[in-house]
Every structure is written in C-alpha cells, then in structure tokens.
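The residues making up each chain are set out below.
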Amino acid sequence: MEPEKNQAQLLTERLTSLQQKGYMAGHQDDPFYGVGWAYEDGRSDVLQTVGDYPAVMGFELGGIEMGDEKNLDSVPFTRIHDELLAHVKRGGIVTVSWHPRNPITTVEGGGRAGQAYPAGSAWDVTDSTVVKSVLPDGANAEKFQTWMKRVADFMETLKTDDGTPVPIIFRPWHENNGSWFWWGQNLCSDEEYRSLWNLLQDYMIERGFDNLLWSYSPNLDGGWTMDRFMKRYPGNDRVTLLGEDAYQWGTEEEFISGLTADLDFLTQFAKNNGKLLALTECGFRSMPDSTWYSRVLKPIMDKYPLCYFLLWRNADNQEFFGPVPSTPCGDDFKKLYEAENILFLKELNQQR
Ligand code: BMA
C-alpha cells in the first residue's frame with residue numbers, strides 16, 4: 001500500500017494541476033483591512049472589486065516571535081488564525097511570511113515597547129552579525145530557539161475542525177538578495193544564510209510539520225546568473241516553490257525588462273529542477289498608473305508557468321497594491337478577473 005500523502009504533497013499536486021488552467025490571483029492581508037475600512041467581517045477589497053475572493057491569501061507572522069498579540073501590521077494573531085482557516089475552508093490557498101524583529105537590536109516587547117522603526121525591526125540593518133548570532137553557539141542562539149518555538153506553536157493551531165493541519169505555503173527569509181533585512185545580501189555570508197534557512201526548516205520538520213510547502217523567494221534582480229543564484233539557494237530537497245518579489249519602483253521599462261529576464265531564468269530553473277513558480281509578492285505602490293495590472297503586469301505573467309501572483313497589502317490610501325473598488329485601478333483589475341487564465345476563488349472550487 002502506498003503511504004498516505006501529507007498535506008504539503010497534496011497541495012503541491014493541487015498547485016501543479018491548477019497551473020494547467022492558469023495562474024491564481026492573490027492578495028496579502030485581504031480579509032482584514034483595505035483602503036478606508038478595517039475589520040469588517042467578510043469584507044475584502046478584491047471581493048468588493050470583482051465579486052469574488054482572491055484564490056490565494058497571504059498572512060504575516062512578524063511579531064509572533066516576541067509573544068505579541070498583534071503582528072507588525074497590527075493584525076491580531078487570533079484573527080490571522082481565524083481568517084487563514086476560513087480561507088482554507090472556502091477552498092482557497094494560503095501563504096505565510098515572517099518578518100521577525102532583529103534579535104540583536106530589539107528590546108523586549110519590541111516595537112510595541114516604543115522602539116521607532118526601523119530600530120529593532122526586520123529592517124534594522126545596522127549590524128551585520130545578526131544571522132551569525134542566532135546560529136548554534138551564537139550569542140542569540142537560545143533566544144532564537146524561543147522565537148522559532150513561538151512560530152511553531154502558532155502554526156500548530158492552524159488545523160481544520162477534525163484536527164488535520166492545513167497546507168501552507170511558507171516563505172521565510174525572503175528578498176535575501178537585497179540588503180534591507182537583517183538576513184540580506186550584505187548582512188551575512190552565503191553560508192550563514194543557508195544555515196539560517198536550514199535552522200528554521202529543520203526545527204519545523206523536527207516539530208512534525210509536514211503541511212508546509214517551502215517557498216524560496218529572492219527579490220527582483222534583473223541579472224541572475226546561475227552561479228549567483230545558487231550561492232544562496234537552499235537546495236532542491238529544501239524548496240518546493242520558487243519565485244520572487246517584484247515591485248515596480250522605477251520606470252515601467254526597467255520593471256518589464258528586469259522581471260522578464262528574471263522569469264526567463266526562474267522558469268528554466270524551475271523546469272530543470274521540478275519546482276513550482278510564483279510571483280510571491282508584487283505591485284506598484286498606490287497605483288500611480290491605473291492601467292498597470294492589465295497593461296504591464298498581466299502581459300508579463302501570461303508568458304510564464306506561474307502558479308500565482310500575490311499583490312501586497314492595501315494598508316491605507318498611502319500604501320496599497322491591490323485593487324481599490326470603484327476606482328480606475330479597480331476597474332482595470334476587473335480585466336484580470338475576466339481573463340480565462342487568471343483564477344479566483346470560485347474558479348478554484350470549480351476545478352475540484
Ligand atoms: C512592507 C510594508 C510594511 C509592512 C511590511 C510587512 O512591504 O507593507 O508596511 O509592515 O511589508 O507586512
């Protein structure tokens with residue numbers, strides 16, 4: 001008899017088969033808040049824009065390591081628990097990121113104890129010995145064990161009513177080719193980075209998690225070479241999905257050429273190594289161009305075998321990446337909804 005498949009394997013199969021139909025739309029923190037509202041049950045900017053939930057929802061654990069009740073974006077962990085499970089129950093797919101505080105510079109209580117951003121946060125890059133300090137024998141090794149334990153304790157509560165752990169795309173230590181997080185390019189050696197990845201992954205495996213689909217996502221690079229990519233790649237036995245975080249910060253031309261070059265590279269890599277591919281974060285902050293989704297982003301995505309794209313959060317009217325209902329960018333986003341190759345929640349459920 002074949003051994004029973006675990007949740008990560010089942011999710012991998014589901015993603016592989018969905019990818020034949022198209023790619024899924026995703027949104028970070030979708031059910032919590034949007035432009036002009038917060039914490040209204042059932043509400044979502046994507047839902048209000050197109051009449052359907054995104055297929056993928058992203059959730060963030062930053063702050064769980066401190067024992068905080070709310071994450072770094074002020075979302076209560078109890079709500080994250082409930083909404084993540086609700087999305088799985090309605091047939092959706094979930095992904096989890098983690099922006100842990102800086103274990104050297106944070107104070108007990110973290111940002112909620114009055115440290116001003118970026119001091120003590122994941123973005124505090126004042127010290128380049130942080131990764132080293134959490135590895136075995138490092139000064140913060142013990143503290144980091146506690147941090148990982150808090151992550152695991154929370155993840156352990158993410159189960160269906162009958163006690164089955166829900167499948168989660170877990171995406172730690174992201175954007176590591178940039179130098180804005182304490183695990184970034186200039187903040188640790190390649191070896192230290194890989195040890196950090198392994199430390200967390202091995203801990204989670206030891207704790208018995210077989211429902212996590214591990215996702216590796218550097219940042220938009222524009223010039224990957226195999227040699228440089230491999231320096232920090234955790235390894236084929238440690239990664240199931242790869243992709244990158246790609247925002248348009250500069251010109252449209254730069255974004256298109258950089259992302260196209262990267263997706264050419266990543267598609268080939270994914271194919272050769274049997275990996276799934278996604279745009280693990282993306283967007284154009286506050287949508288200065290309301291035609292961006294359909295005119296810039298979609299034509300690029302259409303060319304590649306992506307599983308999904310995840311637009312970042314709609315924090316407020318100063319910082320949003322997803323559609324805002326009843327605005328020009330919301331209208332433009334409807335074109336993505338209408339496209340046959342872009343899947344939202346209802347289409348996922350039709351595929352089952
Ligand atoms: C960043 C911004 C921050 C946020 C962080 C983690 O890109 O949206 O405001 O705290 O992600 O979600």
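No experiment lies behind these values; they were computed from the predicted model shown.

Draft legend 1. Representation of the overall build of the chain in the model. Broken down by element type, the chain carries eleven helices and eleven strands. C-alpha extents for the chain along the principal axes are approximately 55 × 55 × 45 Å. Once local pairs closer than 6 in sequence are excluded, the contacts in the chain between residues at least 24 apart make up 75%. Accessible surface, the chain as shown: approximately 14,400 Å² in total, 49% of it carbon and sulfur.

Draft legend 2. Just the site of the ligand, in detail. Taken together, Asp73, His99, Trp123, Trp312, Arg313 and Glu319 are the residues near the ligand. Here an oxygen atom of the ligand sits 2.5 Å away from a polar atom, N or O, in the side chain of Asp73. Note that an oxygen atom of the ligand is positioned 2.6 Å from one of the side-chain N or O atoms of Glu319. Compared with its free state, where it exposes 310 Å², the ligand has 75% of that area covered by protein. For the shell around the ligand, the residue count by class is two nonpolar, one polar and three charged.

Draft legend 3. Local environment of unusual backbone geometry. Backbone torsion omega between Tyr117 and Pro118 reads 5°, so that peptide bond is classified as cis. Turning to its location among the elements, Pro118 is positioned in the loop between strand 5 (93–97) and helix 4 (130–134). Its identity as a non-glycine residue notwithstanding, Tyr39 has a phi of 50°, on the positive side. Take Tyr39: it is sitting in the loop between strand 3 (37–38) and helix 2 (45–50). Given the relative accessible area of 31%, Tyr39 is considered partly exposed.

Each value, and the rule that gives it
Residues numbered from 1 in each chain as written. Predicted model: local features only at pLDDT ≥ 70, side-chain atom pairs only at ≥ 80, totals over all residues. Heavy atoms only, no water. Helix = DSSP H or I, 4+ residues; strand = E, 2+ residues; numbered from the N terminus. Contact = heavy atoms within 4.5 Å. Areas by Shrake-Rupley, 256 points an atom, 1.4 Å probe, with all protein chains shown as cover. Near = heavy atom within 4 Å. Polar contact = N/O pair within 3.5 Å; in protein donor to acceptor, adjacent residues only side chain to side chain. Nonpolar A, V, L, I, M, F, W, Y, C, P; charged D, E, K, R; others polar. Buried < 20%, exposed > 50% of the residue type's maximum accessible area, 1.4 Å probe, protein only.

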